[in-house]
Amino acid sequence: MTAYLIRRLLSVIPIALGVLMLTFLLFRVIGGNPAYRIAGKNATPQKIAQITKDRGYDKPLFVNFQNFPRQVFDAQFPRLVGRLVRGDFGESITTKEKVRDILVEGIWPSLCVTMPLFLLNLMLAIALALLAAYYRNTWVDRFLVVLSVMGMSISSLVYIMVAQYWLAGEWGIFPVWGFEGPQYLMLPVLIGIVAGVGGSVRFYRTIVLDEMYQDYVRTARAKGVSPQRILFSHVLRNALIPILTNVIIALPFLYTGSLLLESFFGIPGLGRMLVMAIPNGDEDVIYAETFLGSMLFVLANTLTDIAYAWADPRIRLK
Amino acid sequence: MNRPESLWTIAWRQLRRNRLAMLCLGILTVYVAVWFYAEGTFWTGRIRDKTPTYKIAHYDIRNQPPSAQHWLGTNYAGKDNLLLVAQGTRIAFEIGLLTSLIVIPIGFVLGAFAGYFGRKTDTVITYIFSVVGSVPDILLIIGIAYVVHGVVERSTAMQTFTRYIDSGLLSVCIAMGFTGWVGLCRLIRGEYLKHRDRQYVLAARALGVGPLGIMFRHIAPNVFHIVIINFSLRFPGLILTEVVLSFLGVGIANEPSWGAIINDAKQRLWLGNWWELAGATAAMFFLVLALNLFGDALRDALDPKLRTAQSTGN
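Keep in mind that what you see is a predicted model, and the values were worked out from it rather than measured. (Residues numbered from 1 in each chain as written. Chains lettered and ligands numbered in written order. Predicted model: local features only at pLDDT ≥ 70, side-chain atom pairs only at ≥ 80, totals over all residues.)

## Some words on the overall build of chain A
Put simply, the test is: Counting from the N terminus, the helices are the DSSP runs of H or I reaching at least four residues and the strands are the DSSP runs of E reaching at least two. Radius of gyration means the value over C-alpha atoms here, while the globule rule gives 2.2 Å times the residue count to the 0.38 power. Working definition of burial: number of other C-beta atoms within 10 Å of the residue's own, with buried at 20 or more, exposed at 12 or fewer, and partly exposed in between, all C-beta atoms being placed from the backbone. A pair of residues counts as a contact when their C-beta atoms, built from backbone coordinates, are separated by no more than 7 Å.
A tally of regular secondary structure across chain A gives 14 helices and 0 strands. Listed by position from the N terminus, the elements making up chain A come as α-α-α-α-α-α-α-α-α-α-α-α-α-α. Scaling as 2.2 N^0.38, a compact globule of 318 residues should have a C-alpha radius of gyration of about 20 Å, whereas chain A reaches 25 Å, well beyond that. Across its three principal directions, the C-alpha atoms of chain A cover 80 × 60 × 30 Å. Across the 318 residues of chain A, 34% fall into the buried class. Restricting the contact set of chain A to residue pairs at least 6 apart, pairs at least 24 apart contribute 65%.

If you want it as structure tokens, here you go:
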């Protein structure tokens, strides 16, 4: 197990470097000199030259041979790696704040929205999926599936606009904008559940149905176990493994919050910061959030694999 | 000797029995008709160098609710909303096609090489798609769209393209294309792994067919249904993502895509103009719904494994 653990954790490093390289190629090489995006549309050449020099965009990309053999790594990519390893994510162009401070400030409001949203959505989706699977091939099942697909067919932007306009604006049931207390979170969470539950129900229903056709279910039925008991103590238990995998994979996405919910309801989370960073050309913020999101995803993946290996010894040998 | 029935014949027979799938196919046909119509008006305007009807502003009839002349009302510039929504259909299909032109070649070829050759080729390709797949989709799409938007705006070489394709449309498709191939690549790799030691492949190899011939002439027809299923299930996601990109300001700005219309309607909703939002949402709703349901039916019909799983149960 220890050997597997070490091997699996070490395999994170090449992936992390790959992600770093991918984002670097995207933002620094394919995109051309980032100074153009930072300076905006009507920037003077002097300003662009200034930004280029200040932020080191005029240095070579990977290795620097100007003062060979000294300062070989005084190039853009090695410097970036070094900075990230030290936990320095640069600073915001608009506010001059350290990106690390921005991330620390933004994570709590984001989690305030996404955690309840995620948990409620999960519980509701599993409950409805079990219901649909229990009544499979009847009108209950078909109704739930069609309703789920219908729910998935409307843009989440529309859910937000309609709910914010009528429920909050016209009828005044919820506050429209801000982040001052739990009541400000109610509507975003509600919208998030309505917008997201359809897809989850459909997904979990497939998982539950997959289990329903297994041999052990037939055995249980043959020895006279009641259908309810089969569903809850046999099927649900086995379905929990794929459900859990899906949940762990989804966890990293909680940290960016919901880009749309946060910006529409004025919740100062990471999602809203990302949305505001784009038109401002706030390169370091976009970069940091993309990189962190990927790293969390890789870690979650690794944890799932380790959990699997812990549960199933056969995997360790592969 | 009778030719044995092909996968496609069997699948089509099963689809025809499925009334819901046939209804969805009908809806999709209507959308394709609207798409051709919109493509026609768009290109007529381009070729004759005239502003097409849907782009002409009528400031005397701004923000009018639905009426007999304008079934879906008019927008802030007095443009007919129904015509705009029809153009949105065109853009939705263009997004689907252009994105697939990126996704299918990359995903299929890389998946085929990884699955067929295995060993080092597989390691390298698996590494590449693990890296791309590690960046959360929406962040990568935003990142690429944002960067490409800047490149397209500044570079002169790109202007030859953008004379024919809207620059926003181009960057949206590039962003979604270079993110979306990972899923297809995984599936195709798995299929090639399964097929590479089948008897017909061994027979072809024994007859001296080269690896490329085996991969693309012998195996490809047997796994191509995966591409079709993947496309029909990915297409609705593209339409929904486009709306988010429009909202974020890295989407399509100069053409009336559904995302652009919905994003425009955002401010107008507070002035009581609900028809802009309703029109685009309804058009999107029926297309995405039909695609989702039809894609499911298609998968059930084309994927024999799922078929047996469902028919053996109860």
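## Some details on the overall build of chain B
From N to C terminus, chain B includes 12 helices and 0 strands. In chain B, the succession of helices and strands from N to C terminus is α-α-α-α-α-α-α-α-α-α-α-α. Along the first, second and third principal axes, the C-alpha set of chain B runs to 75 × 50 × 40 Å. Here chain B, with 314 residues, has 44% of them falling under the buried criterion. Taking contacts inside chain B between residues at least 6 apart in sequence as the whole, the part at least 24 apart equals 67%.

## A short note on the nonpolar core
Proteins that are soluble and globular tend to have nonpolar side chains buried together. The criterion, for reference: By convention in this section, buried Ala, Val, Leu, Ile, Met, Phe, Trp, Tyr and Cys residues joined through C-beta atoms within 7 Å make up a nonpolar core.
Judged by nonpolar contacts, the single largest core of 130 residues is most densely connected at I160 of chain A together with I144, A145 and V172 of chain B. When residues in this core are grouped by element, the largest group, 16 residues, is from helix 11 (residues 275–302) of chain B. With residues up to four places along the chain from it excluded, the contact list for V172 of chain B reads I95, A145, E242, L245, G251 and I252 of chain B. L128, A132, A133 and I207 of chain A belong to the second largest nonpolar core, which has 17 residues in total.

## Let's talk about the environment of V225 of chain A
Residues and elements named next belong to chain A. Inspection of the secondary structure puts V225 in the loop between helix 10 (215–222) and helix 11 (227–250). By the C-beta count within 10 Å, which is 15 here, V225 ends up partly exposed. Along the primary structure V225 and S155 are separated by 70 residues, whereas in three dimensions their C-alpha atoms are 43 Å apart.

## Side note on the interface of chain B and chain A
Quoted interface sizes are often the accessible area lost when the parts come together. Heads up, the rule is: Gly counts as polar in this scheme, as do all residues outside two lists: the nonpolar Ala, Val, Leu, Ile, Met, Phe, Trp, Tyr, Cys and Pro, and the charged Asp, Glu, Lys and Arg.
At the junction of the two partners, chain B supplies 38 residues and chain A supplies 37 residues. Mapped onto the side of chain B that touches chain A, the elements with two or more residues apiece are helix 4 (119–134), helix 5 (137–154), helix 9 (211–248), helix 10 (258–268), helix 11 and helix 12 (304–312) of chain B. Taken together, the residues of the side of chain B that touches chain A break down into 27 nonpolar, 9 polar and 2 charged.

## What to know about helix 10 of chain A
Judged by how many residues are buried, helix 10 of chain A sits mostly at the surface: 0 of 8 residues are covered. Immediately beyond the C-terminal end of helix 10 of chain A, within one or two residues, lies G224 of chain A, with a positive phi of roughly 90°.

## Digging into helix 13 (residues 270–280) of chain A
Along helix 13 of chain A, the positions that sit buried rather than exposed are L270, G271, R272, M273, L274, A277 and I278 of chain A. Those residues of helix 13 of chain A that are buried lie in contact with helix 6 (99–134), helix 12 (259–265) and helix 14 (283–311) of chain A together with helix 5 and helix 9 of chain B.

## Quick notes on the confidence of the model for chain B
Residues and elements named next belong to chain B. Definition in use: pLDDT: the predictor's confidence for each residue, scored from 0 to 100.
Residues of chain B with pLDDT of at least 70 account for 95%, and the chain-wide mean is 83. Looking over chain B, one finds the lowest element-wise mean pLDDT in helix 12, namely 44, and the highest in helix 3 (residues 81–117), namely 90. Scored below 50 in pLDDT, residues 306–314 makes 7 contacts in the model with residues more than four places away or belonging to other chains. Taken over the whole predicted complex, pTM reads 0.85, whereas the ipTM for its chain interfaces reads 0.82.

## What about the confidence of the model for chain A?
Model confidence for chain A is summarised by a mean pLDDT of 82, while 95% of its residues fall at 70 or above. By mean pLDDT, the top-scoring element of chain A is helix 7 (residues 139–152) of chain A (89), and the lowest-scoring one is helix 3 (residues 34–39) of chain A (74).

## Structural notes on the packing of helix 2 (residues 12–30) of chain A against helix 5 of chain B
Just so we agree on the cut-off: To obtain each axis, a line is fitted to C-alpha atoms, and for helices this fit is confined to the stretch in contact; angles are then taken between N-to-C directions over 0 to 180 degrees. Oblique is the label for any angle not covered by the other classes, which are roughly parallel (under 35 degrees), roughly antiparallel (over 145) and roughly perpendicular (65 to 115). Handedness of a crossing is defined here by the sense of rotation of the near helix relative to the far one, left-handed for an anticlockwise turn of less than a right angle and right-handed for a clockwise turn.
Direction vectors running N to C along helix 2 of chain A and helix 5 of chain B enclose 15°, while the axes themselves pass 10 Å from each other. With respect to their mutual orientation, helix 2 of chain A and helix 5 of chain B come out roughly parallel. In terms of crossing hand, the pair formed by helix 2 of chain A and helix 5 of chain B is left-handed. Contact residues: L26, F27 and I30 of chain A in helix 2 of chain A; G143, I144, V147 and V151 of chain B in helix 5 of chain B. A class-by-class count of the residues in the contact of helix 2 of chain A with helix 5 of chain B yields 6 nonpolar, 1 polar and no charged.

## What to know about the packing of helix 7 of chain A against helix 11 of chain B
Relative orientation of the contacting elements helix 7 of chain A and helix 11 of chain B amounts to 135°, with a least axis distance of 8 Å. One way to sum up the angle between helix 7 of chain A and helix 11 of chain B is to call them oblique. When the axes of helix 7 of chain A and helix 11 of chain B are compared, the crossing they make is right-handed. Counted together, V149, M150 and M152 of chain A of helix 7 of chain A and L289, N292 and L293 of chain B of helix 11 of chain B form the full contact between these two elements. Grouping the constituent residues of the contact of helix 7 of chain A with helix 11 of chain B by class yields 5 nonpolar, 1 polar and no charged.

## A word on unusual backbone geometry
Residue and element names in this part refer to chain A. Notably, N137 is not glycine yet its phi reads approximately 60°, a positive angle. The residue N137 is located in the loop between helix 6 and helix 7 in this model. Residue N137 is classed as exposed on the basis of its C-beta count, with 10 C-beta atoms lying within 10 Å.

## Structural notes on the environment of W177 of chain A
Residue and element names in this part refer to chain A. Among the structural elements, W177 can be located in the loop between helix 8 (156–170) and helix 9 (183–212). Through-space distance from the C-alpha of W177 to that of E262 is 9.7 Å; in sequence the pair is 85 residues apart. Setting aside anything within four residues of it in sequence, one finds W177 in contact with F265 and G266.

## Details of the environment of L274 of chain A
Take L274 of chain A: it is sitting in helix 13. For L274 of chain A and A288 of chain A, which are 14 residues apart along the polypeptide, the C-alpha to C-alpha distance reads 9.8 Å.

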